[in-house]
Amino acid sequence: MSFLSLEVSHYLRHLLLAGLTAFAVPESMKIFCELHLKETVRAARAPRRARGKGGVKAGGCGEAEAAEEGLQGAVKKHQTHQASDGKGPLGRSSKAAPKTAGLSTALNYRGQVETGIITSGKATRVVEIYNEDETECITIGASGCLGRRAQRAKGTPPSSSRSRLGQTRLFAVAGQLDSRARAEVPGSTRTPEVREIVSSFTKIDADKIQLISKVGVFPVKQRLSDEVASKVVAIGVKSFNRPHQKYDHSVVVIGAGLGGMQTMIGLMQSGRKDIVCLERLSSFGGHSWLVVSNKYTKLQTESGNYHVDFGFPDEPATNEVEGDLYKTWPTRDQLLKMFRDAARKHNLGPVTKFNTNVEKVRPLPDGNGYAIYTTPYGQEDGEGELVVASAVLAWPGNLCNHREIEWPGEDDFDGYIAYASFSKVDYRQAEGKVCILYGHGAFTIENVRTLCEHKCKKVIVMCRKRNLCGMRVMSWLVGYLEMPLPGNILLEGMQKMYDLVGFDCWSAHCVKTDDKRSFAHVSQKTAFGVTDVYFLAGYYGLMEVLVDEIKRLTTNGAQTKKGKKIKCEVILKAVGVMPDPAIDKMLGLKELVGLWVNGDPLRSVCCNGMFVEAQNFGSFASGPPFAQLARVTRWFVDYPTDFETIRGTLPKLTGSPEKPAYVPTATHMLPTFSCFNLIPMLAAEMAVYGALKHTKQMARHPPKQYIAECRAEWEAYIRQWKKDGMIDDSKPEPPYPYTETMVQGWIDRTNMEWMQKAARQQQRLAQA
Ligand SMILES: Cc1cc2nc3c(=O)[nH]c(=O)nc-3n(C[C@H](O)[C@H](O)[C@H](O)COP(=O)(O)OP(=O)(O)OC[C@H]3O[C@@H](n4cnc5c(N)ncnc54)[C@H](O)[C@@H]3O)c2cc1C
């Protein structure tokens with residue numbers, strides 16, 4: 001499914017990268033973010049280079065393994081280099097190889113960094129900064145003179161020479177970022193700028209940091225006017241790691257779904273021991289998968305981007321759950337196994353209190369924490385427990401109660417009628433029958449598949465508005481690209497599927513574009529469902545979309561507002577699952593400031609949005625945006641004073657019984673994410689997720705393999721439907737609409753569009 005929150009976040013990320021942010025960020029801080037981001041991009045290049053050298057062919061499992069090996073290999077090589085050398089940059093012997101600080105994936109890779117990848121003009125180089133005793137090192141890029149490689153690469157369009165899937169991507173991205181960095185640093189990087197950077201990271205006063213480099217065997221102090229050397233030691237910096245805020249009480253996480261679990265793991269990995277999770281249900285996996293779905297529900301997006309470990313660079317993409325293959329589109333039960341497996345692996349069980357309903361969270365009178373009132377779930381008059389917390393990170397979920405709808409004449413209807421979610425449907429009732437599926441959201445799409453799998457005669461999807469839904473390959477593509485997929489390319493790709501059902505997706509109510517279709521902005525009040533079956537069923541006439549509304553039911557069907565009489569034997573109400581307004585009350589939420597309850601950095605609340613509102617698309621899955629949100633909220637638990645930097649600029653949202661404030665809107669999330677750019681190291685960490693998404697998607701679903709899997713599934717449905725007598729040979733079998741060449745074309749175009757945008761941006765800056 002496509003989740004607005006994530007799309008917004010990626011859209012926002014794009015805005016930030018493209019330098020369109022309106023906030024005043026000190027120059028040196030901006031450089032720092034950008035430069036870390038470059039490191040990340042380079043880190044993600046490792047798999048590709050390893051493939052090249054190893055001669056592994058594109059696609060297939062070999063590629064996935066090579067991708068993993070490449071990254072690990074790069075890390076190992078660097079470590080070996082460090083270990084064999086055993087000396088710091090000034091020739092002093094270090095007790096141990098320097099530890100990296102901050103972004104492990106990015107920084108571990110520094111030994112492999114290729115300098116000077118750029119499309120036009122100046123290049124960058126890499127500066128290694130060591131702490132006082134040379135046990136830690138951070139790496140930043142720096143503006144400098146044109147390197148040899150850069151001269152070779154100068155003016156070369158990065159994508160043209162490469163044909164293999166994915167090969168061109170990073171060249172384009174690196175080009176863009178380098179050019180952006182150059183725009184920020186008109187001259188070469190001097191000592192004061194690097195001191196500022198280190199200061200913004202460590203919070204040590206820049207004046208108290210002195211950089212020294214080596215000339216021959218002698219350490220030499222870098223003067224203020226000096227262009228910074230490639231290896232420097234920061235005297236005055238004992239460690240690059242900022243100490244985390246310590247607390248008297250536990251850090252409490254509310255909810256043990258995908259979001260809550262990611263947050264708990266992050267807290268543990270950052271060294272926090274005193275964590276408690278309070279969960280109303282009796283198992284891991286969340287209300288979405290434990291309650292709302294049914295045993296036929298499958299993950300619509302790909303599993304490579306949907307696992308609890310997704311946000312952690314050192315954790316490989318989940319391949320196996322409880323001894324079984326973690327399939328590309330796992331069933332509900334496989335997903336629940338994945339959640340349980342992750343809980344065991346990260347030892348979440350001992351810190352989680354199940355069957356515990358949080359009634360309310362209120363600040364303690366002395367201001368030193370929060371009182372959390374709980375009751376045993378299902379026994380609201382049972383004896384509760386008071387939990388005292390120093391910080392409360394809530395992930396209560398947005399899909400809580402199904403929307404209710406009643407039509408006149410329901411009692412007269414002779415057929416089967418049920419709500420489509422919360423395991424309420426007996427799908428056996430649909431065999432051989434005509435079904436009206438009322439609504440056109442993500443769960444409707446899921447029900448088209450389930451009904452077809454239960455051999456229904458025909459599904460009539462009836463809706464007030466025909467929303468867009470995604471398809472497997474386009475979902476994969478947004479998860480694979482590091483930069484967001486522009487809406488116009490997304491729609492072009494979608495149209496390949498929509499052609500099968502004779503619908504022009506550019507004409508959909510939710511799409512804004514221009515005459516040339518040079519952009520597409522999608523705005524709809526429901527997330528994208530992701531499906532291929534909907535289209536295949538539409539092609540064969542097993543599914544039809546009717547834009548209309550039921551006026552009343554009769555004994556054998558429905559009368560519509562547009563005057564149609566439709567005969568049917570089954571009606572499923574798929575009119576949406578809504579957030580719970582009681583959650584605002586439970587949290588004591590009067591005003592959501594960014595992601596924070598009443599602007600309190602130690603009380604956050606996060607969940608999916610209920611909409612699509614984007615012009616560039618970064619992911620259809622919850623995994624990537626959830627990982628970012630989990631990181632952001634944890635950041636302010638570790639460094640609460642940083643909140644003051646963004647407090648004044650964070651947007652505010654008040655709720656209503658219909659629209660509780662804890663569920664974000666697009667207009668709230670966009671500016672919220674842009675504020676994180678004001679904290680350079682956080683912004684740098686946020687930027688890691690693009691590379692991470694690509695790396696994990698690539699490791700689990702290499703393009704060739706993924707498209708082959710989609711095609712095989714497509715053909716299997718055709719075979720099955722023929723076998724079941726649901727379709728015949730009167731229509732030619734439609735070939736799977738997507739090929740690798742097509743997908744490669746969209747990858748190249750996406751890269752080229754971002755490069756061109758960056759070039760235009762650069763030109764504007766140069767003119768200014
Ligand atoms: C049928 C279905 C299919 C989906 N398919 C996809 C897909 O293909 N791809 C995708 O990316 N996403 C999909 N999603 C979206 C899914 O909701 C998210 O991916 C994710 O699982 C949401 O996790 P969460 O932690 O935010 O919320 P939840 O899973 O809802 O978990 C929140 C938890 O908080 C607990 N809680 C709430 N209030 C309290 C309280 N007061 N006290 C104690 N505990 C409390 C709840 O019991 C619940 O377990 C799907 C959702 C559904 C329902």
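Residues numbered from 1 in each chain as written. Predicted model: local features only at pLDDT ≥ 70, side-chain atom pairs only at ≥ 80, totals over all residues.

S.K.: Looking at this structure, I do not really get the overall build of the protein chain. What am I missing?
M.R.: If you tally the helices and strands in the protein chain, you get 21 helices and 33 strands. When the 768 residues of the protein chain are sorted by exposure, 53% land in the buried category. Across the protein chain, the fraction of contacts at a sequence separation of at least 24, relative to all contacts at a separation of at least 6, is 77%. (Helix = DSSP H or I, 4+ residues; strand = E, 2+ residues; numbered from the N terminus. Buried ≥ 20, exposed ≤ 12 C-beta atoms within 10 Å, placed from the backbone. Contact = placed C-beta atoms within 7 Å.)

S.K.: I would appreciate a short explanation of the sheet that holds strand 18 (residues 458-463) in the present structure.
M.R.: In space, the 5 strands of this open sheet follow the order 16-26-17-18-22, with parallel pairing throughout. Of all the strands in the sheet, the pair left with one neighbour each is strand 16 (416-419) and strand 22 (543-547). Taken pair by pair, the neighbouring strands of this sheet meet at an average axis angle of 20°, ignoring direction. Taken together, the 5 bridges between strand 17 (residues 434-438) and strand 18 define a ladder with parallel strand orientation. Bridging from a neighbouring strand, Leu-437 pairs with Val-461 of strand 18. (Pairing = 2+ DSSP bridges. Axes fitted to C-alpha atoms, helices over the stretch in contact; angles between N-to-C directions.)

S.K.: What am I meant to see in the nonpolar core here?
M.R.: Soluble globular proteins: nonpolar side chains tend toward being buried together. Residues Met-261, Val-448 and Val-459 are the most contacted members of the largest nonpolar core, which totals 189 residues. Ranked by residues supplied to this core, first place goes to helix 19 (residues 680-700) with 12 residues. Not counting chain neighbours up to four residues away, the residues in contact with Val-448 comprise Leu-437, Val-459, Val-461, Thr-531, Val-533, Tyr-534, Ala-537 and Met-543. (Core = buried A, V, L, I, M, F, W, Y, C linked by C-beta atoms within 7 Å.)

S.K.: Teacher, can you tell me more about the sheet that holds strand 23 (residues 550-554) here?
M.R.: Consider a sheet: its strands pair through backbone hydrogen bonds, and that pairing is either parallel or antiparallel. Pairing is antiparallel across the open sheet formed by 3 strands, whose spatial order is 23-24-25. Of all strands in the sheet, those bounded by a partner on one side alone are strand 23 and strand 25 (565-567). Neighbour-to-neighbour, the strand axes of this sheet turn through a mean angle of 25°, independent of strand direction. The pairing of strand 24 (residues 557-560) with strand 25 spans 3 bridges and is classified as antiparallel. Among the inter-strand pairings, Gly-557 is bridged to a residue of strand 25, identified as Lys-567.

S.K.: Whenever I open this one, the pairing of strand 13 (residues 370-376) confuses me. Can you help?
M.R.: Along any regular strand the residues' side chains alternate between the sheet's two faces. In this sheet, strand 13 lies alongside strand 12 (residues 356-363) in antiparallel orientation, the contact comprising 7 bridges. Residue pairing for strand 13: Lys-360 is matched across the bridge by Tyr-373. A loop of 6 residues connects strand 12 with strand 13, the two strands running antiparallel in sequence, and Gly-367 in this loop sits at a positive phi of about 75°. Where strand 13 and strand 14 (residues 385-394) come together, 5 bridges link them in antiparallel fashion. Considered in strand 14, the bridge of Tyr-370 is made with Ala-389.

S.K.: Looking at this model, I keep getting lost on the site of the ligand. Mind explaining?
M.R.: Surveying the vicinity of the ligand reveals 35 residues, the closest of which are Gly-255, Gly-257, Gly-286, Ser-288 and Gly-397. Among the elements that take part in the shell around the ligand, helix 9 (residues 286-292) stands out by supplying 5 residues, more than any other. The residue inventory of the shell around the ligand, partitioned by class, reads 18 nonpolar, 15 polar and 2 charged. (Near = placed C-beta within 6 Å. Nonpolar A, V, L, I, M, F, W, Y, C, P; charged D, E, K, R; others polar.)

S.K.: Before we go on, may I ask you to explain unusual backbone geometry in this structure?
M.R.: Peptide bonds are, in most cases, trans, and in most cases residues other than glycine have a negative phi. Positive phi is not limited to glycine here, since Glu-134 has a value of about 60°. Tracing the backbone shows Glu-134 in the loop between strand 2 (124-130) and strand 3 (136-143). Overall, Glu-134 belongs to the partly exposed group, with 19 C-beta atoms counted inside 10 Å. In the Ramachandran plot, Asn-347 falls in the positive-phi region, its phi being about 60° despite a non-glycine side chain. As for its placement among the helices and strands, Asn-347 is situated in the loop between helix 10 (332-345) and strand 11 (352-353). For Asn-347, a count of 11 C-beta atoms within 10 Å gives the class exposed.

S.K.: Explain the pairing of strand 4 (residues 210-215) to me, please; I cannot follow it from the model alone.
M.R.: Bridge count between strand 4 and strand 6 (residues 231-235): 3 bridges; the pairing is antiparallel. Within strand 6, the position partnered with Gln-210 by the bridge is Ile-235. Both strand 4 and strand 5 (residues 218-221) contribute to a ladder of 4 bridges, which runs antiparallel. Along strand 5, the bridge assignment pairs Lys-214 with Pro-219.

S.K.: Quick question: what am I supposed to make of the confidence of the model for the protein chain here?
M.R.: Any region with low pLDDT has predicted coordinates that should not be read closely. Averaged over all residues, the pLDDT of the protein chain is 80; the fraction at 70 or higher stands at 77%. A low-confidence stretch, residues 1-124 (pLDDT under 50), is modelled with 326 contacts involving residues beyond four sequence positions or located in other chains. Counting interchain partners and residues more than four positions distant, the pLDDT-below-50 stretch residues 143-187 has 117 contacts. (pLDDT = per-residue confidence, 0-100.)

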